[in-house]
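# Summary of structural features
So you can see what is in the structure, the chains are spelled out below.
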Amino acid sequence: MDLEARSLQPNVKVVLLAKLREYKSDLNNLKSEHKRLASANSNQAARDDLLESGMADAMSVSANQRGRLMMSTERLNESSDRIKESRRTMLETEELGVSILQDLHQQRQSLLHANDTLHGVDDNISKSKKILTNMSRRMSRNKWIISSIIVVLVVAIALILYFKLSK
């Protein structure tokens, strides 16, 4: 999720990375609290078991242990609920990230298609430019040829007139 969030747009990335850090810290806090409670409960239970054999008032110890056990169970249930809520939020965030990645993929495909189309149009324009250049050259050459023919005809007419009028 961290890598996916880093590959998003800057405005979305900042929000998602902040949420991700918050979720990670919450998860680490819950893990450490769970370990602390589990080790405290197991150490306390072992200590109480050792002390209970020597104590005369077993009923009060049992009630005291029961109360601590219920408090520990309640804390553990609250921690489990927070973990479930964090997991649910994480899954929602992951779904949102997947949706964003799919949208970005579609946009990338659209851009690639537009780029390919643009290159095709550019190629067609280049071909058209070559054809127009060739047509312009032919037109200029034809003008020169026609001009040369006209000049030759005018000179021929002038020579014919000169010879006809001089006789």
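Read on for an overview of the structure. (Residues numbered from 1 in each chain as written. Predicted model: local features only at pLDDT ≥ 70, side-chain atom pairs only at ≥ 80, totals over all residues. Heavy atoms only, no water.)

## Focus: the overall build of the protein chain
Helix and strand content of the protein chain: 3 helices and 0 strands. Mapped in sequence order, the helices and strands of the protein chain form the string α-α-α. Taking all 167 residues of the protein chain together, the buried fraction comes to 10%. Partitioning the contacts of the protein chain with sequence separation of at least 6, the portion at a separation of at least 24 is 57%. Summed over all atoms, the accessible surface of the protein chain reaches about 13900 Å², with 61% contributed by carbon and sulfur. (Helix = DSSP H or I, 4+ residues; strand = E, 2+ residues; numbered from the N terminus. Buried < 20%, exposed > 50% of the residue type's maximum accessible area, 1.4 Å probe, protein only. Contact = heavy atoms within 4.5 Å. Areas by Shrake-Rupley, 256 points an atom, 1.4 Å probe, with all protein chains shown as cover.)

## Description of the packing of aromatic side chains
Counted under the stated rule, the structure contains 1 aromatic pair. Ring centres of Tyr 162 and Phe 163 lie 5.6 Å apart, and the angle between their planes is 65°; on these two criteria the pair is classed as edge-to-face. Looking at Tyr 162, the relative accessible area reads 53%, which means it is exposed. (Phe/Tyr/Trp six-rings, centres within 6.5 Å; stacked < 30°, edge-to-face > 60°.)

## Section: the pattern of salt bridges
This model, assessed by the stated rule, comprises 3 salt bridges. Between Glu 85 and Arg 88 there is a salt bridge; the shortest N-O distance is 2.3 Å. Of this pair, Glu 85 and Arg 88 are both found in helix α3 (residues 58-166), 3 residues apart, which corresponds to roughly one turn of the helix. In this structure Arg 88 comes out as partly exposed when scored by relative accessible area, which is 39%. In this structure, the salt-bridge partner of Glu 92 is Arg 88, at a minimum N-O distance of 2.3 Å. One end of the pair is Glu 92 and the other is Arg 88, both in helix α3 and 4 residues apart, which spans about a single turn. The exposure class assigned to Glu 92 is partly exposed, which follows from its relative accessible area of 44%. Salt bridges sharing common partners tie together Glu 85, Arg 88 and Glu 92. (Salt bridge = Lys/Arg side-chain N within 4 Å of Asp/Glu carboxyl O.)

## Overview of the environment of Tyr 23
Here Tyr 23 is to be found in helix α2 (residues 10-54). The class for Tyr 23 is buried, based on a relative accessible area of 18%. In sequence terms Tyr 23 and Met 90 are 67 residues apart; their C-alpha atoms lie 7.5 Å from each other. Excluding its chain neighbours within four sequence positions, the residues that come into contact with Tyr 23 are Thr 89 and Thr 93.

Any link to function would need more than the numbers given here.
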